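# Geometric and topological summary
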Amino acid sequence: MRDIILINSKENSKIKTLIVNKIELLLMKKSLIEQYLSLSQIEKNVDALIFTSKNAFKSLLKNIEEYPELEIFRSIPAFVIGENTAQELKIAGFDVEYVGIDSHGAGFSSEIIPLLKNRKPLYFRAKKIVSGLDIKLLEAKIKLKQVIAYENKTHIVDKTFKPATKSILIFTAPSHYLAFRQNFGWDGSYSAIAIGMTTFGVFDSEVEGFISPEQSIESCIEFAKDLALKLP
């Protein structure tokens, strides 16, 4: 039976996990003020929020705890790339207007461009992104503003933690794959599962890669177990 390992930024109780990234949630008040001059004017200048990551939403919640005046964001409609993230927004009392059908950043941008015409969206994003969603929206003449909500930093791992040959590795973000390669390179015997198209898109040509049927860690794990039974 092949080893199944989740390559992630935090431990998962359901599967063996190798942490190769550290997420730093950033304070955003200064950046928001620089763009909007006054937090009291946010509602006049923003009528849609965009989230493509749970980490971005977690950062906003942390900022609301730090700066209660940011509570205004709960009432601004949100456009969210995944159902799991959308559910977290709803539980926290946010107004979710649209949940993406396509889990790939490019597909999501195509879905929301017609919906954001004549709107003033604010995109809560990572410091580095690979989907190009911001570029596509700006090219479509969407009046997009952005704020960096978090940074994904590579965590250097001792080489003794390198997965065994023929392991099935689950990647839930492009940054996790890139950090894994930085730490260990790539063994051609590995099989890789991507949580979605954006992550799959950064796999190198030498990688035997698969895409999870659903965009959730649970689905990735079940898919990996099934794959382990079929692979030699």
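Up top you'll find the structure we're talking about.
Description of the structure in this document. Going along each chain's sequence as written, the residues are numbered from 1 onward. Only residues with pLDDT of 70 or above have their local features reported here, since the model is predicted, and side-chain atom pairs are shown and tallied only from 80 upward, although totals for entire chains, interfaces and linings are computed over all residues. Processing note: side-chain calculations cover all non-hydrogen atoms of the structure and skip hydrogens and water entirely.

With that settled, consider the sheet that holds strand β3 (residues 21-25). The pairing criterion for strands is at least two bridges between them, as found by DSSP. For the purposes of this entry, the term helix denotes a DSSP run of H or I that reaches at least four residues, the term strand denotes a run of E that reaches at least two, and both are numbered from the N terminus. Taken in spatial order, the 6 strands line up as β3-β8-β7-β4-β5-β6 in an open sheet, and their pairing is mixed. Strand pairing shows two members of the sheet lacking a second neighbour, β3 and β6 (96-99), which therefore form its edges. Each adjacent strand pair in this sheet contributes to an overall mean axis angle of 20°, direction not counted. The pairing of strand β7 (residues 121-126) with strand β8 (residues 145-154) spans 5 bridges and is classified as parallel. Considered in β8, the bridge of Arg125 is made with Ile148. On top of the sheet, helix α3 (residues 54-66) reaches β3, β4 (48-51), β7 and β8; it is set at about 35° to β3, its chief contact. Every axis corresponds to a line fitted to the C-alpha atoms, with the helix fit spanning only the stretch in contact, and the corresponding angles, defined between N-to-C directions, vary from 0 to 180 degrees. The contact definition used throughout considers only heavy atoms, calling two residues in contact when any of these lie within 4.5 Å.

Attention now goes to the packing of aromatic side chains. Two descriptors summarise a pair of aromatic rings, namely the distance from one centre to the other and the angle between the planes of the rings. The pairing test for Phe, Tyr and Trp rings, Trp by its six-membered ring, is centres within 6.5 Å, and the orientation test on the planes gives stacked under 30 degrees, edge-to-face over 60, and tilted for anything in between. Across all of its chains, the model carries 17 aromatic pairs by this definition. Seen from their ring centres, Phe171 and Trp186 are 6.2 Å apart, and the 40° between their planes marks the pair as tilted. Residue Phe171 is found in strand β9 (residues 168-171), and its partner Trp186 is found in the loop between α7 (174-184) and β10 (191-194); the two are separated by 15 residues along the sequence. Burial classes follow relative accessibility: with a 1.4 Å probe on protein chains only, a residue under 20% of its type's maximum area counts as buried, one over 50% as exposed, and anything between as partly exposed. Relative accessible area serves as the criterion here: at 12%, Trp186 is assigned to the buried category.

Our next topic: the sheet that holds strand β2 (residues 17-19). Sheets are built from strands paired through backbone hydrogen bonds, the pairs being either parallel or antiparallel. Strand order in the open sheet formed by 5 strands is β2-β1-β9-β10-β11, and the pairing between neighbours is parallel. What marks the edges here is a single partner per strand, and that holds for β2 and β11 (208-211). Here the average twist between neighbouring strands, direction ignored, is 25°. Pairing of strand β1 (residues 4-8) with β9, which is carried by 4 bridges, proceeds in the parallel orientation. What sits directly across from Ile7, in β9, is Phe171. Packing against the sheet, α7 makes contact with β1, β2 and β9, and its axis sits at approximately 135° to β9.

Looking now at the side chain of Ser9. Mapping Ser9 onto the fold places it in the loop between β1 and β2. We classify Ser9 as buried; its relative accessible area is 18%. Not counting residues within four places of it along the chain, the set of residues in contact with Ser9 comprises Ile19, Asn21, Ile23 and His176.

The next point concerns the environment of Val99. When you line up the elements, Val99 lands in strand β6. Sequence separation of Val99 and Gly82 is 17 residues, and the distance between their C-alpha atoms is 6.2 Å.

So, on to unusual backbone geometry. With phi around 70°, Lys141 is a residue other than glycine that occupies positive phi space. Mapping Lys141 onto the fold places it in the loop between α6 (133-139) and β8. Residue Lys141 is classed as exposed on the basis of its relative accessible area, which comes to 70%. Its identity is not glycine, yet Lys166 carries a phi of approximately 65°, on the positive side. Relative to the assigned elements, Lys166 resides in the loop between β8 and β9.

Right, let's get into the pattern of salt bridges. When a carboxyl oxygen of Asp or Glu is within 4 Å of a side-chain nitrogen of Lys or Arg, the pair counts as a salt bridge. In the structure shown here, the tally under the stated rule is 13 salt bridges. Linking Glu24 and Lys153 is a salt bridge whose minimum nitrogen-to-oxygen distance equals 2.7 Å. In this pair, Glu24 is assigned in strand β3 and Lys153 in strand β8, connecting sequence segments 129 residues apart. Classification of Glu24 by relative accessible area gives partly exposed; the value is 33%.

Bringing the environment of Lys159 into the picture now. Relative to the elements of secondary structure, Lys159 occurs in the loop between β8 and β9. Considering only alpha carbons, one finds Lys159 and Phe184, 25 residues apart in sequence, at a separation of 7.0 Å. Those residues in contact with Lys159, other than ones at most four positions away along the chain, are Gln182, Asn183 and Phe184.

Everything listed here is a matter of geometry and, on its own, says nothing about what the molecule does.
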